[in-house]
Amino acid sequence: MKYLFLALVFFLPTQLGLHFWPNWAFINGVRIDYFAPTIYLTDLLAAAIVMLNLFQHLRTRSRNKFGMTLWVTVLFALINIYFSISPELSIYKWLKVLEFVWLGLWIKNNFQKSWGEAFVKVLSATIFFQSFLAFGQIITQRSIGGIFYWFGERTFSVATPGIAQAVISGQLFLRPYGTFSHPNVLAAFLLLSIVIIYRLRKNISYKLLVVVYIVASATIILTVSRLPVISLCLFLVWKLGGKKSFFVGLVFVLFFAKDFLLDQSFLIRQSLVSATLEIIKNNLIIGTGLGTNILALQNYSKDLFFNSQPLAFLQPVHNIFLLIFSEIGVFSLVIPAYAGIYLMRSRNKFGMTFLIFIIMFLGLFDHYFVTVQQGQLLLTLVLGIIFWWRNY
């Protein structure tokens, strides 16, 4: 299963998949990508790992190390689905949760120290591949196409409606996607990857490590993704100056970055946050059903969906903590509490601490860790490695 896992790591960024469009995947006749049941290439790889792991337990009749976790998850999922405002959508989303929970627990219990060198090499190769593609997209101001389509690259150009753009010196530029669904997800992947590689740097030559850092850092900057760029700077400050310098840098960022962060897009997102807080207030115990935040937002803030640009708001609230709380209620508090207590007893804390900081920091302002395939897989991989590190 080692090679299946390494293949999953390399193809984590791909969007290659088969989409289905049932009636409940539409809002007012508009297709919602977040709702569409999709079988991705990475789902097939993850399913192969999960099924082989299940067959191994059945063949050896060994005690499942994480059976209780899965059974508790299934029980709550059934309750949440029953009360969901869209049961069909919640069933699909809970199936995805079970897939990723099992995969994450498999990584925690089966990742081996001897895999470190191969894992770092594959992760580095993925960084180079995505960065190469991103540079090509910046130069041509469009997708590259050809064979890259089969790696999951979407077809787009700087003129594509809704594409991510940046204005530099008064000129409009395409922000690079690689094969990801958004430049922000590409930047998050590169950032988390170099922190993991740093923690496993004994498995990579110093020269290659430096090249990986330079290439990944340059690509992160070129995505013009502000929060990953800030996180990258804080990571460098921590490693060069220690924890005190990191906290000084964090205070500096929070104090001086107000105008940098609170542009029009962030102010618009505040409307989604306000509406989600109302959803939580009225669905505190069980939530509105996993995956239903966009549907619930229609009921609690109709002005968001009936304005001159309603399609801009057909997306979840940009805060993973509020998003999860609104969909599954107070049960969402158990997850960070359990993880925090579990990790506090860990021995090797730097890599874990900064990875958790990145997830929390980025998660405060975006939703891709829990709403898109690549973000969910990235979160699963990182948490699985973190929990493995606890005893490493």
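Structure report, in brief. (Residues numbered from 1 in each chain as written. Predicted model: local features only at pLDDT ≥ 70, side-chain atom pairs only at ≥ 80, totals over all residues. Heavy atoms only, no water.)

For the protein chain, the count of helices and strands is 17 helices and 6 strands. Going through the 392 residues of the protein chain one by one, you find that 51% of them count as buried. (Helix = DSSP H or I, 4+ residues; strand = E, 2+ residues; numbered from the N terminus. Buried < 20%, exposed > 50% of the residue type's maximum accessible area, 1.4 Å probe, protein only.)

Further remarks concern the nonpolar core. One finds Phe5, Phe119 and Phe369 to be the most contacted residues of the largest nonpolar core, which totals 68 residues. Counting residues in each nonpolar core, the second largest holds 11 residues, with Ile279, Leu297, Leu322 and Leu323 among its members. (Core = buried A, V, L, I, M, F, W, Y, C linked by side-chain atoms within 4.5 Å.)

Turning our attention to the pairing of strand β5 (residues 165–168). In terms of strand pairing, β5 meets strand β6 (residues 171–174) through 4 bridges, oriented antiparallel. Following the sheet pairing, Val167 is matched in β6 by Leu172. Counted along the chain from β5 to the antiparallel partner β6, the turn is 2 residues long, and its residue Ser169 has a positive phi close to 55°. (Pairing = 2+ DSSP bridges.)

If you check helix α6 (residues 183–199), its first and last C-alpha atoms are 25 Å apart, about what 17 residues at 1.5 Å a residue would give, namely 24 Å. The element α6 is extensively covered by neighbouring structure, given that 17 of its 17 residues are classed as buried. (Expected span 1.5 Å × (residues − 1).)

What follows concerns the packing of aromatic side chains. For any pair of aromatic rings, the description rests on two quantities: the centre-to-centre distance and the angle between the ring planes. Inspection of the entire model under this criterion finds 27 aromatic pairs. Ring geometry for Phe111 against Trp115: centres 5.6 Å apart, planes inclined by 70°, an arrangement best described as edge-to-face. The same class applies to Phe111 and to Trp115, which are both buried. Taken together, a centroid distance of 5.1 Å and an interplanar angle of 85° make the contact between Tyr149 and Trp150 edge-to-face. (Phe/Tyr/Trp six-rings, centres within 6.5 Å; stacked < 30°, edge-to-face > 60°.)

Structurally, Thr380 can be placed in helix α17 (residues 373–389). Residues in contact with Thr380, not counting those within four places in the same chain, are Phe100, Leu103, Gly104 and Ile107. (Contact = heavy atoms within 4.5 Å.)

Among the surface-exposed residues, Met1, Met51, Leu52, Phe55 and Leu58 lie close enough to one another that they form a single nonpolar patch of about 460 Å² accessible area. Topologically, Phe55 is positioned in helix α2 (residues 41–60). What makes Phe55 partly exposed here is its relative accessible area of 45%. (Patch = residues over 30% accessible without salt bridge, like charges linked within 9 Å, V, L, I, M, F, W, Y side chains within 5 Å. Areas by Shrake-Rupley, 256 points an atom, 1.4 Å probe, with all protein chains shown as cover. Salt bridge = Lys/Arg side-chain N within 4 Å of Asp/Glu carboxyl O.)

With that settled, consider unusual backbone geometry. Look at Asn28: it is not a glycine, yet its phi comes out positive at around 50°. By the element assignment, Asn28 lies in the loop between β2 (26–27) and β3 (30–31). For Asn28, a relative accessible area of 66% translates into the label exposed. Positive phi, close to 60°, is recorded for Gln141, a residue that is not glycine.

α17 packs onto α6 with a crossing angle of 15° between their chain directions and a minimal axis gap of 11 Å. Considering the angle they form, α6 stands roughly parallel to α17. Here α6 runs over α17; the crossing is left-handed. Counting all contacts with α6, which are made through Val185, Ala188, Phe189, Leu192, Ile196 and Arg199, the residues of α17 involved are Gln374, Gly375, Leu378, Val382 and Trp389. Looking at the contact of α6 with α17 residue by residue, the classes come out as 8 nonpolar, 2 polar and 1 charged. (Axes fitted to C-alpha atoms, helices over the stretch in contact; angles between N-to-C directions. Parallel < 35°, antiparallel > 145°, perpendicular 65-115°, else oblique. Left-handed = near helix turned anticlockwise from the far one by under 90°. Nonpolar A, V, L, I, M, F, W, Y, C, P; charged D, E, K, R; others polar.)

Turning our attention to the pattern of salt bridges. Side chains bearing opposite charge may pair, as long as their charged atoms lie close to each other. For the structure on display, the rule yields 3 salt bridges. For Lys96, the salt bridge identified is with Asp43, shortest N-O distance 2.6 Å. Taken together, the residues Lys96 in helix α4 (residues 87–110) and Asp43 in helix α2 connect sequence positions 53 residues apart. In this structure, Glu117 and Lys121 form a salt bridge, with 3.1 Å as the shortest nitrogen-oxygen distance. Of the two residues, Glu117 and Lys121 both sit in helix α5 (residues 116–140), 4 residues apart, roughly one turn of that helix. Since its relative accessible area comes to 47%, Lys121 is described here as partly exposed. Salt bridges here are not isolated pairs; linked through shared partners, they connect Asp43, Lys96 and Glu99.

Quick look at the packing of α5 against helix α7 (residues 206–222) now. Following both chains from N to C, one finds α5 and α7 inclined at 40°, their axes separated by 10 Å at the closest point. Relative to α7, α5 is oriented oblique. As α5 packs across α7, the resulting crossing turns out to be left-handed. Of α7, the residues touching α5 (which contributes Ser124, Ile127, Phe128, Ser131, Ala134, Phe135 and Ile138) are Leu208, Val211, Val212, Val215, Ala216, Thr219 and Leu222.

Turning next to the environment of Ala36. Looking at where Ala36 falls in the secondary structure, it is placed in the loop between β3 and β4 (38–40). Each residue touching Ala36, except ones within four places of it in the same chain, is listed here: His19, Phe20, Trp21, Ala25 and Tyr92.

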